Every structure is written in structure tokens, then in C-alpha cells.
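Single-letter residue listing:
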Amino acid sequence: MPAVFTLRVNGTARSVRAEPATPLLYVLRNDLKLNGAKFGCGQSQCGACSVLIDGMERRSCVYPVGAVGKGAITTIEGLGTPQQPNALQRAFIHEQACQCGYCSNGMIMAAQALLARNPKPSESEVKQALEGHLCRCGAHNRIVRAVLRASKGALP
Amino acid sequence: MTAALRNVSRRNVLKAGAGLVVGIAYAPLLAPAQGSETPVHLPGSLNGNRLLSAWLRVNPNGTVTVFTGKVEFGQGIASALAQIAADELDVGYRRINMVTADTSLTPDEGFTAGSQSIEQSGTALRFACAEARQMLLAAAAARLGGRAGDLRVADGTIAAPGGKHTTYWAVTTDAMLRREATAKVRPKAAGEHTLIGQNLARRDIPPKFTGGAAYLQDLRLPGMVHARVGRPPVPRADLVSLDTASLKAMPGVIEVVRDGSFVAVVCEREEQAINALVALRELAVWSRPELPPTLADTFDRPEPELQTQDSVVYEKTSPGAPIAVRQIEARYTRAFQLHASIGPSCAVAHDLDGKLTVWTHSQGVFALRSDIARALGISPASVVCIHMEGAGCYGHNGADDAAFDAALLARAIPGRPVRVQWMRDDEFMWEPYGSAMSMKVGAGLSADGNIVDWRHELWSYPHARRPGGREGVNLLAAWYLAAPLQPAFPVDVPQPNGGSDRNAIPLYDFPNQKIHKHYMPDAPLRTSSLRTLGAYANVFAIESFMDETAAAAGADPVEFRLRHLRDERARTVIESAARQSGWRPGALGDGGRGTSSTFRGRGIGFARYKNHACYCAVVAEVEVDRISGIVRVTRAWSAVDAGLAINPDGIVNQIEGGMIQSASWTLKEALKVDRSGVQTKSWVDYPILRFSEVPAVEVEVIQRPAEDSLGVGEGAQGPTGAAIANAFAAASGRRLRDIPFLPERVKAALAPL
């Protein structure tokens, strides 16, 4: 049966009514109208839907809304805005680190989680953190450069 | 280059006849303009869309609206075109607002495909903006007094020598640009550009990195409902029975729409639609037709025995050429491969008051509109197709089909916008595939080790089955309706672009050449345009064979290519890529010698895409693990000549992305299919290159500002595949001729002879 869930999303309490088994992705996109997390596979294989729950990267396409509980959800909208992107987003913009950009949400969220636990990752640590994220356009090297740039504070 | 095109039909040529339909994909661009007199030819897409006001509007509020029929899909075209317009007009980049492919607003520029957007739309905009600039200056001169030629423009402010000034925004009128272009005002020459040639930041990027509305998937209309389509388990299956009552009883189900073997669920919420789809798939009973064998099933035989249409693509003879004293031959193959967009196809359609509006990530909105209208038996005037960006498509993926799904469902539920989202397995199982291909290449060598005879024979399914033909409906759902519609007969794209035979004609100066194609329009699996069409496979074969021939002649692969190539721009990219990589003749790899567990080697590949777009050479370095059979590309270098570079970083991004995608195709990718149907259903079944497997890549853009701009989006794929194959041979002393280079094939190739 549908139930009402009060979710903490980007620091704000948001109430939604949904079946507990509903993947968090559809609640974020359709009920809360957040564009960041993307539908890519629905099977936790590509990473496009990634969000942070209590700082851990989670695949929202398979994460039931009923399992979030009091967990603090961070989506890419919670990092920065087009007008005021955060350091990681600025580094991605500086490196023009995408073609289509459909995978970028997952790349940025995974990198945000990495930098929180390891502020100065090596190149291979960045690649390892992104290994479970698929990019079809071949922007991988730009993405790695962007994460390293953000980690070094090397921004204009 | 004149291509001798003639039919030499043998065996059973299909009755449909190649003469019936000509050049579907390119017909709108090649068709002569209407009217009794032949109008003067205008440059680029200006020729088919001749009004200046079709291309730009200079607004009193200090902005410029620029219209293009080309679509953005992450290649940065909307930004590059804004850059062109701003430069030619002498206004700031930020003043330009781009309106892209919308059947109610923009010019019809055919498909955004074939790496042609800068050549077609960019050229049109350069001429249209140069002419508009001159008209604005004439109006300013009339207002300020004096001669237009003495005026200076900076960011739209026009200054006369005496200090008087006005602006574009003050002198513009609605009527000014409502006239036919003459193309008599030359765009800026090399050296006059202020923005063209600069690495301006793409405008589509900030929302993509911050959760802004950037994609069709982000479109939310009031009252919008969510649909999923229940596709058959195998192509050509019929829906025998379905318990729709059980489905209708499920939570949130508004309607179960069934028309013949097309069936969909429409729900209030998206997760309800997904649940209903799962139930539908369990309840539906389908017929189970067997898939016939494909070309890919014949790769272990010397020559495919399939029904083909045979023709000579190109033939050249040089009577005075030296005699061949030695012949060699090899056969290469390529598996069916997928676009495999990260985001499965999506569309929204709304049927309101007799007007059908479709939001789509199709690469050709006018062609889509034409097929939707024909399929529904309505006037194209009552259908609007609006492009919005989706995930990268790399050609004809499920976008058009999803749009027609949404159109059908919107007509069934009038008044409410219907959003169709394909699931991951829908995209893998139903996108049109890149054709499997087989290439037999042969050469005759003269006594001094030069190629005098060149033969290239290819087998392929269609590479062009997009919507927009003069007959038929190329939309998936249309073939499953109770009154099914027929697809258009798939004609191969003719030279000089070529389809299956794209890049089959070598750019090398071989005295005698013969290029044959065996085209197979009747494909068991739907195939259509995947990035480069046949060029990736043809260049893989040509450039692999160049190395095999160089080895037979005892020559270095770079020197061997250069001795057969007079085109200076071609020579330059080859020399540049070789120089960057530190190419050392005679020291290209381990050659299968040594006791290390890995072999290392380097190889080169080259092509000029379509023989008339960008020049690109690639050097790849590979590592071959002798035990696991895994090939890794560790580094790659490339040089590209795209003429006048609009945005050099945009070119680098396209080339490096193309190299990485091609490395993925070459090393890993093949559709899984058997008699019972397509078995590629998730990313587990279709691995692509991951971060740990991606090579370091360097790209050198050779600047030629005085030359015309050349398309780059598909320039790197063929050369990269060949460079990897040649690097493998340099590393191991053995040759891989079948794409992809899966570990079992590698181990077989490395096995003791």
C-alpha cells in the first residue's frame, strides 16, 4: 500500500506518497522534479542514477524509497547550481568533461563521494572509484582530469 | 574522383529493384529547388532554405535568434553554430539564442548525421550572417550618414568615423531579413575571425553538470502520464493472446492500448507503468518465429552464401602500370554492433485539438514527422516534431521508434501528454543495429614492392533505414499494428558518401583498383546507421591489409603508406601522428618474441572520412596478455585536419571520444543473437570499455584556417580500429582479422602454429 515518506533531500524535508518498493529514482525525478539522477538501466549497472545517502554513493534506480529512512539524500542539485556550481562541478565545466553528459550525474556524484573520503586521490584511485560507471561517448580522460583538478584546487 | 557505378546483378537480385528509390537519406538536400527557372546554387543548407529570415532574426532587445535544422546531441554543434553566427555578425557569443530542429520553426536540414553539420549548417550561417551584417550596416549608414564601408561594429554597436553610433538593435526591422539570400557577401576570411577558432565553452554543459533541465527526459507536462510498450520476444512475432483485464486491474493503470501486436500500458505513475510492463510480459503469449541465419553465421566459411545485390562501386585501370609479380589476399569481418546509448530512448507526445505534438531526440525531425503522418494517415501539417536532447545516440537508435510509440499512445489517450520511456532491454533488443560486415581485400605487388592492383569486396546489410522515405514507414511499431504498414525498401547510400561502401575506395594512388559490393537489403535483423556506417569496417580492412602488404614488401608501415599517397594533407596527418608517437621503423613491437607474459606493439591507421571530410591518422600502442588473451590499448596518438577549426577543443573532444568508442567496438563489442532471438539484454551481455581500460589519448589538430571546415565526428573510428589491429600484429607477430578482438580469438591467434 502507498505510504507517506518524509525524505531529507539536499537539506530539506520533503514528503512524498508512494509504494515503499518504488525505486528512489522515480520519486526524485517525478515527485520532487529533480532532473539530476538519470534513468540508464534500472539494474544498477551503469551508474547514471547515482545519489548520495549519508555520503555513500547509491544507485537510486534500485534503492527502494521505503529503505531510505532518516538517511540524508544528496543529489547533484544539492552540490551547486548552474549559476553557482561547486568546486567539482566547476572542474567538470573547466575540462568540458562530457559529450552528451547523460552519465555526468553519476560521475560527479561518485567523485564527490570519493573526494569526501580521499581528498587527494591518485589517477588510478579516481579511475577505480569510477570503474562502475559507464560512459559511451569516450569522455573518460576528461572526467578523470576534472576530478583530479577539483582535488588539487586548481581552478581559475 | 569519379565512381563508376553500375549494376552487375548475378544470382537472385531482389525484385524490388535498385532503381525505384534513390538516396532516401539525402534526397531533401540533393533535390533541385522548386520553380520553373533553376535558381542559383547557394552554399551549404542555404540552398534548400533560401530565406535569410529562416536562419536568423536580429531582435530589438539586443539578442540574435539563430535557427538551425541540426540537433544537439552532445557533439557541441549548437555552441559551434552560435560561435559562427556571433563571429560573422560581430556580436557577443552570449547574445545568440539558438533554436534547433523544430518542424514548426527551423529550416529542414535533413538528418544531423554523417559529420556534416558544420559543412551544411555552419556554411549556411556564415553566408546568411555575413549578408545580414551588410544589410544592418546599410541601414545604419542611412541613419548615420556616410558609407557603410566606413562603419565599424563591435558587439552589435555600429560606429561611424566621426564618432556617431547606433546599434543593430536600433536599426533592425521585421522585414529586413525576409528576402532570399544571394550569398554574394563573402564571409570573413582567415585572419579576420574573432571567435571562430577559439575554445569557447559549450553552452549545453552547465545544466548537464548541475541537474538543470537538459534532456527530453526532463520534460514534465501538466497531466502527463507514463507508458511502457510490451515488445515481442523476437522480431516478427505475433501477439497471440493477452489478458488485458488483469492488467487493467493493476494499480494506476489508465489504459492498456492494443493494436494488433503493438501493446502498451499507460499509467498515472512511472513505477506503476514499469510494474504493469513486468506483468504484461508474463501474461502475453507470442508466436515464436525463428530468426534466420545472418552474415555473422558465415564468417567461418570462405565466402558468404546469401542473397545479395552485386555492383561495382569503383573501378580504375592504368594501362601503363607495372606488372604484379605477387598476389596476396585476406578477409576481415565485423560483428553486429550497437549504438548502446547510456539513456534508453524516450519521447513525449500530446494529441490536443487535432494537433499532434511530439518531443523527440530523433536526428531528423522532418523525416520523423513525415513517417508519423503517413503511418497515422494524417496531414504532416497537423504534426509538430520538436527536438530535445537525449543521451548520445551515435546514429539511428530507438529515438524515432519511441517517438512513434508515444504518438500512437497519445492518439489513444487524447488530451493527455504521454511519456514513453524504453527500458534498457527494449533499447538493446530493438534499436537498429550496426551491420555485420565481411571484407575480402587483395593486392598485387610489383617487383619493386609497390601495390599495382587493389581489390576490395564487401558484404553488408543496410546502413540507412531511417524514416523519411518517399514510401513506406520506417517506424518499429507500425509493422506490428493490426493493419501493418511496410517499411521502405532499404537502398544503400550512394557514393560519394557511400553506405555499406563508405570509405571502401582507398585514398591511396593504386594504379588499378576494383571495389565490389554485395549488398543484402533483406536482413534478418534490422540494421541502420551506426556512426560511420560501413567506414569503420572498410577502413579496418584496408588499413590492416596495408600493413599486411607492407610486411610482404618488407617495408615500414608509415613509409609504405606515404609512398602510395600523393595527397599532402593526408601525408601530413600520417607523419604527424607517427612523429607524436615517436615512431621507430623496425622497432614497432615484440613480434611475438621474448619470454615476458605480455607482448607490446604499436600500429598506425589512416583515413579521410568519406574521402571528403576530415583527415585523421591514429597510432595505437597495445599490450597483449598471453595467458588471458586480453588486449589493452595503453596509449593512442592522433592527428586530425578538419580545415578551418571552429572550436578546436570541440574537435579534440570528438576525436578522442571517437578513438575511445572505436577501441571499445574493436576490443569488446558484439551483439549476442541466436535462432531464438537477440540475447543482448543488459550491460552484462554487452560490455563496453571501462575507466581502467581506457587509453591515454593525445590529439593534434592541424590548423588550416584558409580551408573549408570539414566534419570530424566520425573521423577517428576507422583509423583507430586499424591501428589497434596493426599494433596487435606488431606485438604478437600474428594477425586478428575479426572484430571484436575477444580473448578467445586472441588466444587462438597466439596458439602455436
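Residues numbered from 1 in each chain as written. Chains lettered and ligands numbered in written order. Predicted model: local features only at pLDDT ≥ 70, side-chain atom pairs only at ≥ 80, totals over all residues. Heavy atoms only, no water.

## Some remarks on the pairing of strand β3 (residues 50-53) of chain A
Residues and elements named next belong to chain A.
Then, in step 1: Of the two faces of β3, the one lined by Ser50 and Leu52 and the one lined by Val51 and Ile53 are each fully buried.
Then, in step 2: Bridge analysis of β3 against strand β4 (residues 56-59) gives four bridges, and the strand direction is antiparallel. Bridge assignment links Ser50 to a residue of β4, and that residue is Arg59.
Then, in step 3: Where β3 hands over to β4, the hairpin turn is made up of two residues, of which Asp54 adopts a positive phi near 50 degrees.
Then, in step 4: Across two bridges, β3 lies against strand β5 (residues 72-74) in antiparallel orientation. Residue Leu52 lies in a different strand from β5, and its bridge partner there is Thr74. (Buried < 20%, exposed > 50% of the residue type's maximum accessible area, 1.4 Å probe, protein only. Helix = DSSP H or I, 4+ residues; strand = E, 2+ residues; numbered from the N terminus. Pairing = 2+ DSSP bridges.)

## So, the pattern of salt bridges
Residues and elements named next belong to chain B.
Then, in step 1: One pass over the structure, following the stated rule, counts 49 salt bridges over all chains.
Then, in step 2: The salt bridge involving Lys514 is made with Glu315; its shortest N-O contact spans 3.6 Å. Here Lys514 is found in strand β21 (residues 512-519), whereas its partner Glu315 is found in strand β13 (residues 309-316), with 199 residues between them in sequence.
Then, in step 3: We classify Glu315 as partly exposed; its relative accessible area is 32%.
Then, in step 4: Between Asp492 and Lys517 there is a salt bridge, with its nearest N and O atoms 2.7 Å apart. Note that Asp492 is positioned in the loop between β20 (451-460) and β21 and Lys517 in strand β21, a separation of 25 residues in sequence. As far as the burial class goes, Asp492 and Lys517 line up, both buried.
Then, in step 5: Linked through salt bridges whose partners overlap, the residues forming this network are Asp87, Asp90, Arg133 and Lys188. (Salt bridge = Lys/Arg side-chain N within 4 Å of Asp/Glu carboxyl O.)

## Regarding helix α11 (residues 535-553) of chain B
Residue and element names in this part refer to chain B.
Then, in step 1: Compared with an ideal rise of 1.5 Å per residue, which puts 19 residues at 27 Å, α11 spans 26 Å between its outermost C-alpha atoms and is within 8% of the ideal.
Then, in step 2: With 16 of 19 residues buried, α11 lies mostly within the body of the structure.
Then, in step 3: Taken from the residues just after α11, Gly554 is the one with a positive phi, measuring 70 degrees. (Expected span 1.5 Å × (residues − 1).)

## A few points about the sheet that holds strand β15 (residues 346-352) of chain B
Residues and elements named next belong to chain B.
Then, in step 1: Taken together, the seven strands give an open sheet; going across it, the order is β10-β11-β8-β18-β15-β16-β17, and neighbouring strands pair in mixed fashion. Each edge of the sheet is formed by a strand with only one pairing partner; in this case those strands are β10 (253-259) and β17 (383-387). Neighbour to neighbour, the strand axes of the sheet diverge by 20 degrees on average, direction disregarded.
Then, in step 2: With four bridges joining them, β15 and strand β18 (residues 418-421) adopt antiparallel strand pairing. In the strand pairing of β18, Ala347 is matched with Val420.
Then, in step 3: Helix α8 (residues 365-376) contacts β16 (355-360) and β17 of the sheet and is inclined by roughly 145 degrees relative to β17. (Axes fitted to C-alpha atoms, helices over the stretch in contact; angles between N-to-C directions. Contact = heavy atoms within 4.5 Å.)

## Thoughts on the sheet that holds strand β3 (residues 64-68) of chain B
The strands that make up a sheet pair up through hydrogen bonds in the backbone, lying either parallel or antiparallel.
Residues and elements named next belong to chain B.
Then, in step 1: The strand order β2-β3-β4 describes an open sheet built from three strands, whose pairing is mixed. On the outer flanks of this sheet lie β2 (56-58) and β4 (96-100), each paired with one strand and no other. The mean inter-strand angle of the sheet, taken between neighbouring strand axes irrespective of direction, is 15 degrees.
Then, in step 2: Direction of pairing for β2 relative to β3: antiparallel, over a ladder of three bridges. Paired with Leu56 across the two strands is Val66, which belongs to β3.
Then, in step 3: Here helix α3 (residues 117-144) sits on the sheet and contacts β2 and β3; the angle it forms with β2, its principal contact strand, is near 30 degrees.

## Topic: the environment of Lys517(B)
Residue and element names in this part refer to chain B.
Then, in step 1: A relative accessible area of 9% means that Lys517 is categorised as buried.
Then, in step 2: Taking the C-alpha atoms as reference points, Lys517 and Gln309, separated by 208 residues in sequence, lie 7.9 Å from one another.
Then, in step 3: A polar contact of 2.7 Å, which involves the side chain of Lys517, links it to the side chain of Asp492. (Polar contact = N/O pair within 3.5 Å; in protein donor to acceptor, adjacent residues only side chain to side chain.)

## Here we look at the interface of chain A and chain B
Then, in step 1: Between chain A and chain B, the residue contacts involve 53 residues of the former and 60 residues of the latter.
Then, in step 2: A buried area of about 4,800 Å², summed over both sides, lies between chain A and chain B, and 54% of it is on carbon and sulfur atoms.
Then, in step 3: Counting across the interface, chain A meets chain B through five salt bridges.
Then, in step 4: Across the pair Arg136(A) and Glu669(B) runs a salt bridge, and its minimum N-O distance is 2.7 Å.
Then, in step 5: For the interface between chain A and chain B, the tally reads 31 residue pairs in polar contact (both at pLDDT 80 or more). (Buried area = accessible area lost by both parts, 1.4 Å probe.)

## Focus on unusual backbone geometry
Excluding glycine, most residues fall at negative phi; most peptide bonds, likewise, are trans.
Then, in step 1: Between Gln495(B) and Pro496(B) the backbone carries a cis peptide bond, its omega angle lying at 15 degrees.
Then, in step 2: You can see Pro496(B) is positioned in the loop between β20 and β21.
Then, in step 3: A cis amide bond links Ile739(B) to the next residue, Pro740(B), at an omega of 5 degrees.
Then, in step 4: By the secondary structure assignment, Pro740(B) is in the loop between β28 (738-739) and α16 (743-750).
Then, in step 5: A positive phi is found at Ser44(A), a non-glycine position, where the angle reads about 60 degrees.

## Some details on helix α5 (residues 140-152) of chain A
Then, in step 1: Compared with an ideal rise of 1.5 Å per residue, which puts 13 residues at 18 Å, α5(A) spans 19 Å between its outermost C-alpha atoms and is within 8% of the ideal.
Then, in step 2: With ten of its 13 residues buried, α5(A) lies for the most part within the structure.
Then, in step 3: Burial in α5(A) covers these residues: His140(A), Asn141(A), Arg142(A), Ile143(A), Val144(A), Ala146(A), Val147(A), Leu148(A), Ala150(A) and Ser151(A).
Then, in step 4: Lining the buried residues of α5(A) we find α2 (87-94), α3 (104-117) and α4 (123-130) of chain A together with α14 (648-668) and β27 (696-702) of chain B.
Then, in step 5: Of the residues flanking the end of α5(A), it is Gly153(A), one or two places downstream, whose phi is positive at about 65 degrees.

## Considerations on the nonpolar core
Then, in step 1: By size, the foremost hydrophobic cluster in this structure holds 214 residues, and its most contacted members are Phe92(A), Ile372(B), Phe404(B), Trp454(B), Phe606(B) and Trp683(B).
Then, in step 2: If sequence neighbours within four positions are ignored, Phe606(B) has contacts with Leu507(B), Tyr508(B), Val539(B), Glu543(B), Leu565(B), Ala570(B), Val573(B), Ile574(B), Tyr615(B), Cys616(B), Ala617(B) and Pro719(B).
Then, in step 3: In this structure, Trp55(B), Ala82(B), Ile84(B) and Trp169(B) belong to the second largest nonpolar core, which totals 49 residues. (Core = buried A, V, L, I, M, F, W, Y, C linked by side-chain atoms within 4.5 Å.)

## A short note on the packing of aromatic side chains
Residue and element names in this part refer to chain B.
Then, in step 1: Summed over the entire model, instances satisfying the criterion amount to 14 aromatic pairs over all chains.
Then, in step 2: Ring geometry for Phe428 against Tyr686: centres 6.0 Å apart, planes inclined by 50 degrees, an arrangement best described as tilted. Separated by 258 residues along the polypeptide, Phe428 in helix α10 (residues 424-430) and Tyr686 in the loop between β26 (677-678) and β27 bring together distant segments of the chain.
Then, in step 3: Judged by centre distance (4.6 Å) and plane angle (20 degrees), the rings of Trp454 and Phe510 are stacked. Placement of the pair is Trp454 in strand β20 and Phe510 in the loop between β20 and β21, with a sequence separation of 56 residues. (Phe/Tyr/Trp six-rings, centres within 6.5 Å; stacked < 30°, edge-to-face > 60°.)

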